[in-house]
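What follows is each chain in one-letter form.
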Amino acid sequence: METTPKGPATSKGPATPKEPATPKGPSTTREGRSIPLNARMARLYEAARLYYVEHLTQAEVAARLGLSRSRVSRLLQEAWEAGLISVSLTYPEAPSTRDAARALKARFGLADARVTSVDDPADAAALRRRIGQAAAAALPELLERGQVVGISWGRTLYEMVQAVEPTAGDGPASLGVTVVPLLGAVGEADPRYQASFLAYHLAQALGGMALPFHAPAYADTPDGAATFLRQAAISRAAQLWGALDVALVGVGPSVYHSPVIQAGELAGPTLLELIRQKAAGELCTHFFDEQGELCQHSAHDRFVGIPWAQLRRVPRVIGVAGGPEKIPALRIALERGYLTGLITDLKTAEALLAE
């Protein structure tokens, strides 16, 4: 995370500034005014280098340069204003989050686990945002260039996509991935949370491409679902489900708290079927019961998305989720091996490890 201090500190702080750039040509101030490169600019550079890189005190810099301490302070301020100094800060994760991530990997046999701290775990929006940020930060390590990546839907994945730092074109930071939606639009949920929207914006941020998938998650009839899946654009996306390297998925809570139900999907008889089977969670709207068995309901034949059996064959399925209402679903998904990786918050991780 980049930060811009107002001027040089008078005492040492935790950040380690980068070495000031050696002046090579005409320079400008932060306000855009041109400054000729002369002995004065060289003096600014030397004062900044001694203070920020050699870690001398201002008094020591003054003695080295034969100046007063107040003069050194002014030189450092001028060096900052001239754009010679930049500072980067990296937010440190607490040892407890690293320990929790290691414990999750050991307990559930995960290939990868990331745990982040949240200032107020009771603030659901802040929790989703922080988990999303942690997931976004992890993507360069989790994904490889040219991979085929599937993405489901939901608010936490939206926060992840929003937090991804865009890469430029096909530059060295670009992953050049192909991003595929894993299902159609879920009911009346916010369009920003739908898989097609998330796929497009994730691909844009990672310097890749996304396949369109303009269909509902559940068609009105089984024939309607088959018709959608035969459409050329949707068919191309569906064919890539079998070639997925990674799937980024949210993990939904029980039927009583499910965003799928809240969005207006699977109502009426289907909802009653899920309640009778004690649906405890879901992945890509595939509900499973308290033992982790796939719930059987009449809407399966109307689903326009990756089949459960195909999702289970994806080499890496990374859950991006957290919060108290999702703990039972997460525990089941982890114990049944439905996830190979998890990005979550510390409170959720501690609850998963408590039993």
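Residues numbered from 1 in each chain as written. Predicted model: local features only at pLDDT ≥ 70, side-chain atom pairs only at ≥ 80, totals over all residues. Heavy atoms only, no water.

Let's shift gears to empty space enclosed by the protein. In total, this model carries 1 cavity of 30 Å³ or more according to the counting rule given. Here the largest cavity is characterised by a volume of approximately 30 Å³. Ranked by residues supplied to the lining of the largest cavity, first place goes to helix α12 (residues 308-312) with 3 residues. (1 Å grid on protein atoms, 1.4 Å probe; cavity = no way out; pocket = protein on both sides within 12 Å on 5 of 7 lines; lining within 4 Å. Points joined across faces, edges and corners; volume = space filled by probe spheres on them. Helix = DSSP H or I, 4+ residues; strand = E, 2+ residues; numbered from the N terminus.)

Burial within strand β10 (residues 316-320) is extensive, with 4 of its 5 residues counted as buried. Here strand β7 (residues 246-249) runs beside β10; their pairing, made up of 4 bridges, is parallel. Bridging across to β10, L248 finds its partner in I318. As defined by bridge partners, β10 adjoins strand β11 (residues 341-345) across 3 bridges and the pair is classed as parallel. Paired with G319 across the strands is L342, a residue of β11. Assessed by its sense of winding, the connection that carries the chain from β10 through helix α13 (residues 327-335) to β11 is right-handed. (Buried < 20%, exposed > 50% of the residue type's maximum accessible area, 1.4 Å probe, protein only. Pairing = 2+ DSSP bridges. Right-handed = clockwise from strand over helix to strand, strands pointing away.)

At their nearest, the axes of α13 and helix α14 (residues 346-354) sit 10 Å apart, and the two run at 60 degrees to each other. Between α13 and α14, the angle is such that the two are oblique. The element α13 and its partner α14 pack so that their crossing is right-handed. For the pair α13 and α14, the contacting residues are I327, L330, R331 and L334 in the first and T348, A351 and L352 in the second. Among the residues forming the contact of α13 with α14, the class breakdown is 5 nonpolar, 1 polar and 1 charged. (Axes fitted to C-alpha atoms, helices over the stretch in contact; angles between N-to-C directions. Parallel < 35°, antiparallel > 145°, perpendicular 65-115°, else oblique. Left-handed = near helix turned anticlockwise from the far one by under 90°. Contact = heavy atoms within 4.5 Å. Nonpolar A, V, L, I, M, F, W, Y, C, P; charged D, E, K, R; others polar.)

Next up on the list: the packing of aromatic side chains. Using the criterion set out here, one finds 6 aromatic pairs in the structure. On the basis of an interplanar angle of 70 degrees and a centroid distance of 5.3 Å, the ring pair of Y158 and Y193 is categorised as edge-to-face. Highlighted residues: Y158 in helix α6 (residues 155-163) and Y193 in the loop between β5 (178-181) and α7 (195-205), separated in sequence by 35 residues. Of the residues examined, Y158 reaches a relative accessible area of 11% and is grouped as buried. Note on Y193: relative accessible area 17%, which makes it buried. Relative to Y338, the ring of W308 lies with its centre 5.0 Å away and its plane at 85 degrees, an arrangement referred to as edge-to-face. Of this pair, W308 sits in helix α12 while Y338 is found in the loop between α13 and β11, placing the two residues 30 residues apart along the sequence. (Phe/Tyr/Trp six-rings, centres within 6.5 Å; stacked < 30°, edge-to-face > 60°.)

Moving on: helix α11 (residues 269-276). Listed as buried for α11 are T270, E273 and L274. For α11, the angular spread of the buried residues around the axis is 95 degrees, confining them to a single face. Along α11, exposed side chains directed more than 90 degrees from the buried face belong to P269 and R276. Phi turns positive, to about 55 degrees, at K278, one or two residues after α11. (Arc of directions from axis to C-beta.)

Core analysis: the biggest nonpolar cluster contains 64 residues, and L104, L182, L283 and L339 have the highest contact counts within it. Among the elements that make up this core, the one with the highest residue count is α13 (6 residues). Within the second largest apolar cluster, 32 residues are counted, among which are A136, L143, V161 and L206. (Core = buried A, V, L, I, M, F, W, Y, C linked by side-chain atoms within 4.5 Å.)

Turning next to the sheet that holds β7. Pairing is parallel across the open sheet formed by 7 strands, whose spatial order is β3-β11-β10-β7-β4-β5-β6. The strands lining the two open edges of the sheet, one partner per strand, are β3 (112-116) and β6 (209-210). Each of β3, β7, β10 and β11 is contacted by helix α5 (residues 124-142), which is oriented at about 145 degrees to β11, the strand it contacts most.

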